[in-house]
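Listed here are the chains, written in short residue letters.
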Amino acid sequence: MSSSGIFRAVIIGPPGSGKGTVSGRISKSFGLKHISSGDILRANINAKTELGLLLKSSIDRGQLVPDHVMSRLILTDLRAIEQSSWLLDGFPRTVTQADSLDQVYSVDTVINLNVPFHTIKERLTSRWTHLPSGRVYNIDFNPPKVPGRDDVTGEPLVQRDDDTPDTVTRRLKAYETQTEPVLEYYRSKGVLETFSGTETNKIWPHVETFLHKKLSTINKAKMICTSLMTK
Ligand SMILES: Nc1nc2c(ncn2[C@@H]2O[C@H](COP(=O)(O)OP(=O)(O)O)[C@@H](O)[C@H]2O)c(=O)[nH]1
Ligand SMILES: Nc1ncnc2c1ncn2[C@@H]1O[C@H](COP(=O)(O)OP(=O)(O)O)[C@@H](O)[C@H]1O
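Residues numbered from 1 in each chain as written. Chains lettered and ligands numbered in written order. Predicted model: local features only at pLDDT ≥ 70, side-chain atom pairs only at ≥ 80, totals over all residues. Heavy atoms only, no water.

By the naming in an unreviewed UniProt entry, the protein is GTP:AMP phosphotransferase AK3, mitochondrial, taken from Hippocampus comes. Listed under Subunit (unreviewed entry) in UniProt, the entry text for the protein is "Monomer." For the record of the protein, the UniProt heading Function (unreviewed entry) holds the text "Involved in maintaining the homeostasis of cellular nucleotides by catalyzing the interconversion of nucleoside phosphates. Has GTP:AMP phosphotransferase and ITP:AMP phosphotransferase activities." (UniProt positions renumbered as here; feature names shortened; annotations may be inferred.)

And the structure:
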């Protein structure tokens, strides 16, 4: 944990485990800046940037974007918010990405959402997304106030091209082979906190309590540092 009081967290879990949903609650309750790798990629696809056009077909097939592309994209964004506390969602997804992050920043906490695969499959086919903000809805769990429209802007919601049953199966496989080793990476550093369950509303209070404790420790450290420096 840094003496500057900056808090750096990662949220990790299989596709559909609720990372976006929980990240929204964390940034609202604790003010961490939310950086979502998937939102950044979809913004590029939507804006038809060179990168977006290049990556769309492999993302739609459920394949991971190459490590060097992803690391450069995220580390550039992090440099722009160096003085803020942040929460990374969807990155790192491989041990190579975790290593490239570790070379620049040390992560204080990794929140691991451990949700069974059979729970996830049902969720993703009924996920609706507001692309500009990354806000997510679900027909059963958190439907929008007006069907097909974002609650905040009233803009249209879309279903992601990679949320089809076949692609979800491929993404879960990619998670098992490429991302699960990242859990071990952070466990061995002593920063992994696992939250297990099948419902976000039951998992969330545990995440909230954990972060309250963690952040109050950081704030105390910051106060001690400040008072030492002013002596
Ligand atoms: N039924 C149900 N759906 C949920 C729950 N938590 C999140 N969702 C929905 O499941 C989908 C995947 O959640 P999301 O936060 O996007 O997961 P991510 O892929 O890990 O970022 C979205 O449509 C959410 O609205 C839950 O506890 N129950
Ligand atoms: N860190 C990453 N490394 C490689 N590919 C990524 C990364 N983050 C996102 N992607 C690509 O974007 C897709 C969507 O990611 P994301 O929005 O995080 O969705 P989910 O958590 O639902 O799988 C992934 O399936 C993958 O193709």
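After that view of the structure, there is still more to cover.
Asker: Report on the side chain of Arg160, specifying residues and quantitative values.
Answerer: Along the chain, Arg160 falls in the loop between strand 6 (135-138) and helix 7 (165-189). You can call Arg160 buried: its relative accessible area is 15%. Every residue in contact with Arg160, bar those within four places of it in the chain, is listed here: Arg42, Arg127, Thr129 and Arg171. (Helix = DSSP H or I, 4+ residues; strand = E, 2+ residues; numbered from the N terminus. Buried < 20%, exposed > 50% of the residue type's maximum accessible area, 1.4 Å probe, protein only. Contact = heavy atoms within 4.5 Å.)

Asker: Got a sec to walk through the environment of Leu131? Specific residues and values, please.
Answerer: Looking at the secondary structure, you find Leu131 in the loop between strand 5 (127-130) and strand 6. A residue is classified by how much of its surface remains accessible, and Leu131, at 22% relative accessible area, is partly exposed. Setting aside anything within four residues of it in sequence, one finds Leu131 in contact with Arg42, Asn46 and Val158.

Asker: Tell me about the site of ligand 2, and please be specific about residues and values.
Answerer: Ligand 2 sits among 20 residues. The nearest are Lys19, Ser37, Gln63, Gly90 and Arg171. Ser37 is positioned with one of its side-chain polar atoms (N or O) 2.7 Å from a nitrogen atom of ligand 2. Within the contact set of ligand 2, an oxygen atom lies 2.6 Å away from a backbone nitrogen or oxygen of Gln63. Protein contact buries 96% of the 540 Å² of open area that ligand 2 shows by itself. Looking at the shell around ligand 2, the element that brings in the most residues is helix 2 (residues 37-46), giving 4 residues. For the shell around ligand 2, the residue count by class is 7 nonpolar, 6 polar and 7 charged. (Near = heavy atom within 4 Å. Polar contact = N/O pair within 3.5 Å; in protein donor to acceptor, adjacent residues only side chain to side chain. Areas by Shrake-Rupley, 256 points an atom, 1.4 Å probe, with all protein chains shown as cover. Nonpolar A, V, L, I, M, F, W, Y, C, P; charged D, E, K, R; others polar.)

Asker: Before we move on, could you go through the packing of helix 6 (residues 117-124) against helix 7 and cite the residues and values that matter?
Answerer: At a minimum axis distance of 11 Å, the contact between helix 6 and helix 7 shows a crossing angle of 140 degrees. As far as their axial angle goes, helix 7 and helix 6 are oblique. The crossing of helix 6 and helix 7 is right-handed. Packed against helix 6, whose contacting residues are Phe117, Ile120, Lys121 and Leu124, the element helix 7 presents Val168, Thr169, Arg171, Leu172, Tyr175 and Glu176 at the interface. By residue class, the composition of the contact of helix 6 with helix 7 is 6 nonpolar, 1 polar and 3 charged. (Axes fitted to C-alpha atoms, helices over the stretch in contact; angles between N-to-C directions. Parallel < 35°, antiparallel > 145°, perpendicular 65-115°, else oblique. Left-handed = near helix turned anticlockwise from the far one by under 90°.)

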